[in-house]
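Residue-level listing of the chains:
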Amino acid sequence: MNTAVLRSWAAWSPGREDEAAWRAWAAHPEALEHEGRPEVAFLPALLRRRCSTLTRIMLAAGFGCCEAADRAEVRTVFASRHGNINESISLFERLSKRQPLSPARFSHTVHNAQAGLYSIAAENRLPSSSIAAQDDTFACGFVEALAHLQREPERAVLLVMADIPLDATAAYGMGLLLANDGDGQAIAFSSSASNAPAEPKAWPDAIEFLRWLITDEPQLQLGSGRVRWSWNRVENRGAQRAASAPPRTA
Amino acid sequence: MMSDPPTPPPCSLTALAMLNALGRSCDEIWPRLVSGDQGYLTIRDELVPDRSVWVGEIPGPLPAIPESFRRFACRNNALTLAALEQIHDTITDVVAAVGRDRVAVVMGSSTSGVSDAEGAIRHHVETGSLAPSFHYEQLEFGGLSRFVAELLDLRGPAYTLSTACSSGARALASARSLLSLGLADAVIAGATDTLCGLTTNGFSALQVISDEITNPCSRNRKGLTLGEGTALFLVTRETGGIQLRGVGESSEAHHMSAPDPDGLGAETAMRTAMRDASLTPDAIAYLNLHGTGTALNDAMECSAIARTFPSPPPCSSTKPLVGHTLGAAGALEAGFCWLMLDAQENDEIALIPHVYDGDFDPELAAIPLATKGMRRPTGPLMSNSFGFGGNNCCLILERGPA
């Protein structure tokens, strides 16, 4: 069992850009949209032009849950199952026709492109991971965030999960600011072997997590049929009560 | 300000499996590595239109992916399977001892099954349908770690890190953290990358591929030589053997495909790794360079080393021997350090030589390069990996108490 404090969160999907919209959605969940992209007005125009939709979603979620003063001071984990697949496909098509690749397009399709652009946009020089784990991507992103909290316990970790699947189903992104202490919901995480086939879930894992966070259910279980991942609400014993500000959200 | 890092937990690199251009096992690779043999690099004419490029390719057939794992059947996973076979018995023993739910898989890759996907999409362009052997999971980065986990029926966390050329080093760093957190009692960690059209054409477009074999630190250097490879470690909490002693990481906030010319990110990674290992610069016995042979990398890396070490240890790049294996490089080069420590005799290690044309670039900060036959007292060994997007990871390996 490993525990982390969720200091704040933010999420984005077309038409749902702030906490109120997600609370309304959690009360009456309906299908997420896939068309549209965040404005990311906080980015300089030059940088904004280089951002794919996935990058915009990840930066919107990441900047949204991290105050300006903290953005350069957190370790980061970027999790995406499909990553830049929509951009990569067009490179493969060029290759198959033996057409030259654009160097800029190539360098923006690496899986850590979003991590690189966050680092530049936030002037963040701290360690950063980019991961993928098929249908366990969100849970394993959470594991990698815990791994960063282990390496440097006093520093918060920004976990950003986003996806735009090839089949153009829901596009979404979520940012979680996790730490070993501070104000916020304390969450205990564990994993165990599963021999049961995965239960079909209505929403992508990150969105299931968000729905759980907004509701008051004590426990969330997700899994791929190979591993069962559990998140439990626990009392925050390490909260710094002196800092009386309520937990920040989107 | 940074506070002191937590005391690094024991992290034993208990077993190593490897394939690269120099050979298909550690026993085959080590003598060719320590003698600096460049004879295993080859030329490919069809990877980049109108261009011949040197590559470090793994020759010969690879094991077939079992039929029930057909959705994972790609060259990247076949290379990984060939490595798994080398340490299969050790893995089986550890899984039996700790339980399959206590074994995690952390892999690094920047290519996954791209080489197979390219064929499938060429088929699509030519015939209107994808090649029947193609499965999307071959192309997913997460497919590599899932393939290993499902093949061995492991039930711990399984994920792939993809931070370009630091992926493989980062996989070992995360493996150590998972052991320390108690999220696993053993981790299969490493990295695999395959030669493919995407990376060769991409780096060619970036004008960083050399027409000749890469020539790091030379005034005549013209860029990198690409390669492919796999290195897999079994990582446990044992205290003896060869240990992962230090990890240092940084980002650069600089550029998507070029390093910070001052090498500040590289310097931070090296300094943090030594701090993590509670070592001072004079303790490091050897440094495996990132050493890609591009104008920018070698300049910034040498200047970072010269600032970090009052008296730098002997250094070498192994990329003139196996090519730059991109996402696998960090794991392979940690593996090369492992082989040096494993071959240690009478408290001495044989250093892997820096093979180049010998014309050290006077514009670079001076660093000592290891030469063939050089031996040194054993000690902690450092390996640098610097990735695209400004993602750096430096590792320190050392022999633990016997």
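This structure is a prediction, so every number in the text was calculated from the model and none was measured.

1. Focus on the overall build of chain B
Here's step 1: Secondary structure assignment for chain B yields twelve helices and 15 strands.
Here's step 2: In summary, chain B has a C-alpha radius of gyration of 20 Å against a globular reference of 21 Å for 402 residues, a match within 12%.
Here's step 3: Taken along its principal axes, the extent of the C-alpha atoms in chain B is 60 × 55 × 40 Å.
Here's step 4: A total of 402 residues make up chain B; the buried ones form 64% of that total.
Here's step 5: For chain B, the proportion of contacts with a sequence separation of at least 24, taken over those separated by at least 6, is 81%.

2. Structural notes on the pairing of strand E2 (residues 75-79) of chain A
A regular strand places its side chains so that they alternate between the two faces of the sheet.
Residues and elements named next belong to chain A.
Here's step 1: Within E2, five of the five residues are buried, leaving the element largely enclosed by the surrounding structure.
Here's step 2: Neither face of E2 is open: one carries Arg75, Val77 and Ala79, the other Thr76 and Phe78, and all of them are buried.
Here's step 3: Of the strand pairs in this sheet, E2 and strand E4 (residues 157-163) are connected by five bridges, and their pairing is parallel. Across the sheet, the residue bridging to valine 77 is leucine 159, located in E4.
Here's step 4: The pairing of E2 with strand E3 (residues 128-132) spans four bridges and is parallel.

3. Some details on the pairing of strand E5 (residues 158-161) of chain B
Here's step 1: Burial along E5 of chain B is two-sided: the residues Ala158 and Thr160 of chain B and Tyr159 and Leu161 of chain B are all buried.
Here's step 2: Inspection of the sheet shows E3 of chain A paired to E5 of chain B by two bridges, in the antiparallel sense. Among the inter-strand pairings, isoleucine 131 of chain A is bridged to a residue of E5 of chain B, identified as leucine 161 of chain B.

4. Concerning unusual backbone geometry
Here's step 1: If you check the backbone angles, arginine 98 of chain A has positive phi at about 55° while not being a glycine.
Here's step 2: Mapped onto the secondary structure, arginine 98 of chain A falls in the loop between helix H4 (85-96) and helix H5 (103-107).
Here's step 3: The phi angle at leucine 326 of chain B is positive, at roughly 50°, despite the residue not being glycine.
Here's step 4: With respect to the element layout, leucine 326 of chain B can be found in the loop between helix H11 (319-322) and helix H12 (329-342).

5. Focus on the packing of helix H2 (residues 75-86) of chain B against helix H6 (residues 142-151) of chain B
Residues and elements named next belong to chain B.
Here's step 1: Where H2 contacts H6, the two axes come as close as 10 Å, and the packing angle between them is 40°. H2 and H6 meet at a crossing whose hand is right-handed. Between H2, through Asn76, Asn77, Thr80 and Leu84, and H6, the contact on the second element is made entirely by Leu144, Phe147 and Val148.
Here's step 2: Taken together, the residues of the contact of H2 with H6 sort by class into four nonpolar, three polar and no charged.

6. Some thoughts on the domain arrangement of chain B
Residues and elements named next belong to chain B.
Here's step 1: Here chain B is described as being made up of domain 1 (12-236) and domain 2 (246-399).
Here's step 2: For domain 1 and domain 2, the distance between their C-alpha centroids amounts to 21 Å.
Here's step 3: Each partner contributes residues to the interface: domain 1 has 60 residues there, and domain 2 has 57 residues.
Here's step 4: Of all the elements in the fold, those that place two or more residues in the side of domain 1 that touches domain 2 are strand E1 (12-20), helix H1 (26-34), strand E3 (51-56), helix H7 (167-181), strand E6 (186-193), strand E7 (226-227) and strand E8 (229-236).
Here's step 5: No other element matches H7, which puts eight residues into the side of domain 1 that touches domain 2.
Here's step 6: Looking at the side of domain 1 that touches domain 2, its residues break down into 26 nonpolar, 27 polar and seven charged.

7. Some remarks on the packing of helix H9 (residues 264-276) of chain B against helix H10 (residues 295-308) of chain B
Residues and elements named next belong to chain B.
Here's step 1: At their nearest, the axes of H9 and H10 sit 8 Å apart, and the two run at 45° to each other. Between H9 and H10, the angle falls in the class oblique. The handedness of the crossing between H9 and H10 comes out as right-handed. Contacts between H9 and H10 involve Ala266, Glu267, Met270 and Arg271 from the first element and Met300, Glu301, Ala304, Arg307 and Thr308 from the second.
Here's step 2: Residues belonging to the contact of H9 with H10 are distributed by class as follows: four nonpolar, one polar and four charged.

8. Quick word on the environment of isoleucine 242 of chain B
Residues and elements named next belong to chain B.
Here's step 1: With respect to the helices and strands, isoleucine 242 occurs in strand E9 (residues 242-251).
Here's step 2: Isoleucine 242 sits in the buried class, given 25 other C-beta atoms within 10 Å.
Here's step 3: In this structure, the C-alpha to C-alpha distance between isoleucine 242 and arginine 44, residues 198 residues apart in sequence, is 37 Å.
Here's step 4: Leaving out residues up to four positions away in the same chain, isoleucine 242 has contacts with Leu13, Trp338, Leu341, Asp342, Leu397 and Arg399.

9. Section: the sheet that holds E7 of chain B
All names here are of chain B.
Here's step 1: Read from one edge of the open sheet, three strands run E2-E3-E7, paired in mixed fashion. Each end of this open sheet is capped by a strand with a single partner; those strands are strand E2 (42-48) and E7.
Here's step 2: Contacting E2, E3 and E7, helix H8 (residues 197-205) runs over the sheet at an angle of about 90° to E2.

10. A short note on the interface of chain B and chain A
Here's step 1: The interface is formed by 56 residues belonging to chain B together with 53 residues belonging to chain A.
Here's step 2: Examining the composition of the side of chain B that touches chain A, we find that six residues originate from one element, H7 of chain B, more than from any other.
Here's step 3: Tallied by class, residues from the side of chain B that touches chain A come to 23 nonpolar, 23 polar and ten charged.

11. Focus on helix H8 (residues 205-214) of chain A
Here's step 1: Every buried residue of H8 of chain A is listed here: Asp205, Ala206, Ile207, Phe209, Leu210 and Leu213 of chain A.
Here's step 2: The elements touched by buried residues of H8 of chain A are strand E1 (2-12), helix H1 (19-27), helix H7 (137-151), E4, strand E5 (172-179) and strand E7 (219-223) of chain A.

12. Considerations on helix H3 (residues 88-98) of chain B
Residues and elements named next belong to chain B.
Here's step 1: Three or more residues of H3 are buried, namely Ile91, Val94 and Val95. Axial view of H3: buried residues confined to an arc of 100°, hence all on one face. Exposed residues lying more than 90 degrees from the buried face of H3 are Asp89, Thr92, Asp93, Ala96 and Ala97.
Here's step 2: Next to the buried residues of H3 lie strand E4 (103-108), E6 and E8.
Here's step 3: A positive phi of about 100° marks glycine 99, the residue just after H3.

So, how was this worked out
Residues numbered from 1 in each chain as written. Chains lettered and ligands numbered in written order. Predicted model: local features only at pLDDT ≥ 70, side-chain atom pairs only at ≥ 80, totals over all residues. Helix = DSSP H or I, 4+ residues; strand = E, 2+ residues; numbered from the N terminus. Rg over C-alpha atoms; globule rule 2.2 N^0.38 Å. Buried ≥ 20, exposed ≤ 12 C-beta atoms within 10 Å, placed from the backbone. Contact = placed C-beta atoms within 7 Å. Pairing = 2+ DSSP bridges. Axes fitted to C-alpha atoms, helices over the stretch in contact; angles between N-to-C directions. Left-handed = near helix turned anticlockwise from the far one by under 90°. Nonpolar A, V, L, I, M, F, W, Y, C, P; charged D, E, K, R; others polar. Domains from an automatic or database assignment. Parallel < 35°, antiparallel > 145°, perpendicular 65-115°, else oblique. Arc of directions from axis to C-beta.

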